[in-house]
Amino acid sequence: MTNSAPQQALTLKQSGIRWLWLAILVFIIDNGTKLLVMDTMGYGWPNRIEITPFFNLLYVHNTGAAFSFLSSAGGWQRWLFAAIAFGVCGLLTLWMRRTPVTNKMANIAYALIIGGALGNLFDRLYHGFVVDFLDFYYGSYHWPAFNIADSAICLGAVLLILDGFKTDKAVKAH
């Protein structure tokens, strides 16, 4: 016979909400690096700083989403992406609240995504664009420039996928 009673709500001490410190850290590092870039670098390609044969620092603005999606849409996309960021952060915070603190991979993933989303949200609301500065390339092909927030979001997404495989494996074992 299975237990049909609803699962007891997790206390704040037991829930993944305790991992929000990581989201705050990502937000601080992201905004700190963006401020450093804006204060010390000139804008655009002529002012790039060559670091390695495959990596530059390059200060650019992105009014769109990932890979400059909708960057030339006329400005309305700023508010769409801000609303999406608010929604995603709210949903992930709710999921963290319902996830045990011991599920480290899921909570770290949620925190990374929240921190990155809030970092880019701050840029959108304060500047009207997102500051990007990491430019990786091979030969003449340049990956679209990105930032610490984008990196945190991507890493969080990868961790969620890996956690999904781990969870599926654990469920099949029982």
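If you're wondering where the values come from, they're calculated on a predicted model, not measured in any experiment. (Residues numbered from 1 in each chain as written. Predicted model: local features only at pLDDT ≥ 70, side-chain atom pairs only at ≥ 80, totals over all residues. Heavy atoms only, no water.)

### With respect to the overall build of the protein chain
And then number 1: Broken down by element type, the protein chain carries four helices and four strands.
And then number 2: Mapped in sequence order, the helices and strands of the protein chain form the string α-β-β-α-α-β-β-α.
And then number 3: In the protein chain, buried positions account for 36% of the 174 residues.
And then number 4: Here the analysis covers contacts within the protein chain between residues at least 6 apart in sequence; of these, 67% occur between residues at least 24 apart. (Helix = DSSP H or I, 4+ residues; strand = E, 2+ residues; numbered from the N terminus. Buried < 20%, exposed > 50% of the residue type's maximum accessible area, 1.4 Å probe, protein only. Contact = heavy atoms within 4.5 Å.)

### Some points on the packing of helix α1 (residues 20-40) against helix α3 (residues 104-126)
And then number 1: Contact geometry for α1 and α3: axes closest at 7 Å, N-to-C directions at 35°. The two elements α1 and α3 meet at a crossing, and its hand is right-handed. Here α1 contributes L20, L22, A23, V26, F27, D30, N31 and K34 to the contact with α3, which in turn contributes I108, A111, L112, I114, G115, G116, L118, G119, N120, F122 and D123.
And then number 2: Residue composition of the contact of α1 with α3, grouped by class: eleven nonpolar, five polar and three charged. (Axes fitted to C-alpha atoms, helices over the stretch in contact; angles between N-to-C directions. Left-handed = near helix turned anticlockwise from the far one by under 90°. Nonpolar A, V, L, I, M, F, W, Y, C, P; charged D, E, K, R; others polar.)

### Let's talk about the pattern of salt bridges
And then number 1: Inspection of the entire model under this criterion finds four salt bridges.
And then number 2: Of the charged contacts in the structure, one is a salt bridge between D30 and K34, with a shortest N-O distance of 2.7 Å. Of this pair, D30 and K34 both sit in helix α1, four residues apart, which is roughly one turn of the helix.
And then number 3: For D30, a relative accessible area of 0% puts it in the buried group.
And then number 4: Residue R48 is joined to E50 by a salt bridge in which the shortest nitrogen-to-oxygen separation is 3.2 Å. (Salt bridge = Lys/Arg side-chain N within 4 Å of Asp/Glu carboxyl O.)

### Re the packing of aromatic side chains
And then number 1: Taken as a whole and assessed by the stated rule, the structure comprises eight aromatic pairs.
And then number 2: Pairing Y43 with Y59 gives two aromatic rings, centres 5.3 Å apart and planes at 80°, and the pair type is edge-to-face. In this pair, Y43 is assigned in the loop between α1 and β1 (49-52) and Y59 in strand β2 (residues 55-62), connecting sequence segments 16 residues apart.
And then number 3: We classify Y59 as buried; its relative accessible area is 9%.
And then number 4: Ring centres 6.4 Å apart and planes at 20° place the aromatic pair F54 and F136 in the stacked group. Within this pair, whereas F54 is found in the loop between β1 and β2, its partner F136 is found in strand β3 (residues 130-138), the two being separated by 82 residues in sequence.
And then number 5: Judged by relative accessible area, F136 falls into the partly exposed class, the value being 33%.
And then number 6: By way of ring pairs, the aromatic residues F54, F55, F136 and F146 are connected into one cluster. (Phe/Tyr/Trp six-rings, centres within 6.5 Å; stacked < 30°, edge-to-face > 60°.)

### Description of the environment of A82
And then number 1: Tracing the backbone through its elements, the reader meets A82 in helix α2 (residues 76-98).
And then number 2: A relative accessible area of 3% places A82 in the buried class.
And then number 3: Here the alpha-carbon distance between A82 and D123, two residues 41 residues apart in the chain, equals 9.8 Å.
And then number 4: Contacts of A82, omitting those with residues within four sequence positions, involve L121, R124 and L125.

### Let's talk about the nonpolar core
And then number 1: Counting residues in hydrophobic clusters, the biggest one holds 18 residues, and the most contacted among them are M96, L112 and I114.
And then number 2: Every element with two or more residues in this core is listed here: α1, α2, α3 and α4 (148-173).
And then number 3: With eight residues, the single largest contributor to this core is α3.
And then number 4: Non-local contacts of M96, meaning those with residues more than four positions away in its chain, are made with S15, G16, I17, W19, L20, N107, Y110, A111 and I114. (Core = buried A, V, L, I, M, F, W, Y, C linked by side-chain atoms within 4.5 Å.)

### Let's talk about the confidence of the model for the protein chain
And then number 1: Taken residue by residue, the protein chain gives an average pLDDT of 88. The fraction at 70 or more is 84%.
And then number 2: Averaged over each element, pLDDT in the protein chain is lowest for α4 (84) and highest for α1 (98).
And then number 3: When the criterion is pLDDT under 50, residues 1-6 qualifies, and its contacts beyond four places in sequence or with other chains add up to zero contacts. (pLDDT = per-residue confidence, 0-100.)

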